[in-house]
Amino acid sequence: MKLIRKFSQLILITIFLSSCRTSIKEEYPIINSEENINENENKEKKRIEIKFSCEEDSISEYLEDGWVILREDSIEKICTWKSVPANKDCDMEKDKGCKITKPDKIGEEKIYLLEK
């Protein structure tokens, strides 16, 4: 009985150790690695997303700096809000509960995707 138990433990340990192989990936140095790094840096393009809201648009600064517009979207957006009384008898300074906030000015939000 002891012999069977020892033998089964030996088999389990052998299976366990044989299943745990190490994967060694040898990497060889690249010749002219500095040139390859410089080429990769030049190929990488930078992308940014810029948002301008409510008639504020200074995209020309980016275009002068060498950025190119890839995509341009616009979304309607509320620029300013105003408070109005809920009814004629409402005093907004004394009774804060009768104050209603409404959109005052509606404009556009422009979203630019730029690449350099």
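Above this text sits the structure in question.
Residues numbered from 1 in each chain as written. Predicted model: local features only at pLDDT ≥ 70, side-chain atom pairs only at ≥ 80, totals over all residues. Heavy atoms only, no water.

*Asks:* Is there a simple way to explain the packing of aromatic side chains in this structure?
*Replies:* Each aromatic ring pair is summarised here by two numbers: the centre-to-centre distance and the angle between the ring planes. With the rule as written, the count across this model stands at one aromatic pair. Here Phe-52 and Tyr-112 contribute two aromatic rings whose centre-to-centre distance is 6.0 Å and whose plane-to-plane angle is 65°, an arrangement assigned as edge-to-face. Of this pair, Phe-52 sits in strand β1 (residues 47–53) while Tyr-112 is found in strand β3 (residues 99–115), placing the two residues 60 residues apart along the sequence. Here Phe-52 and Tyr-112 have matching classes, each one buried. (Phe/Tyr/Trp six-rings, centres within 6.5 Å; stacked < 30°, edge-to-face > 60°. Helix = DSSP H or I, 4+ residues; strand = E, 2+ residues; numbered from the N terminus. Buried < 20%, exposed > 50% of the residue type's maximum accessible area, 1.4 Å probe, protein only.)

*Asks:* Where do I start with the environment of Lys-82 in this structure?
*Replies:* By the secondary structure assignment, Lys-82 is in strand β2 (residues 68–85). For Lys-82 and Lys-105, which are 23 residues apart along the polypeptide, the C-alpha to C-alpha distance reads 8.9 Å. Look past the residues within four positions of Lys-82 in its chain and what remains in contact with it is Ile-100, Thr-101, Lys-102, Pro-103 and Asp-104. (Contact = heavy atoms within 4.5 Å.)

*Asks:* Teacher, can you tell me more about the nonpolar core here?
*Replies:* Across soluble globular proteins, nonpolar side chains show a tendency to be buried alongside one another. Counting residues in each nonpolar core, the largest one holds six residues, listed as Ile-50, Phe-52, Ile-59, Trp-67, Tyr-112 and Leu-114. Of all elements in the fold, only β1 and β3 reach the threshold of two or more residues within this core. (Core = buried A, V, L, I, M, F, W, Y, C linked by side-chain atoms within 4.5 Å.)

*Asks:* I'm lost on the sheet that holds β2 in this one. Help?
*Replies:* The strands making up a sheet associate through hydrogen bonds between their backbones, and the pairing can be parallel or antiparallel. Spatially, the three strands line up as an open sheet ordered β1-β3-β2, and their pairing is antiparallel. Each edge of the open sheet carries a strand with a single partner, namely β1 and β2. Geometrically, the sheet is characterised by an average inter-axis angle of 20° between neighbouring strands, direction not taken into account. One ladder, built from seven bridges, connects β1 with β3; its direction is antiparallel. For Ser-53, the partnering residue across the bridge sits in β3 and is Glu-109. (Pairing = 2+ DSSP bridges. Axes fitted to C-alpha atoms, helices over the stretch in contact; angles between N-to-C directions.)

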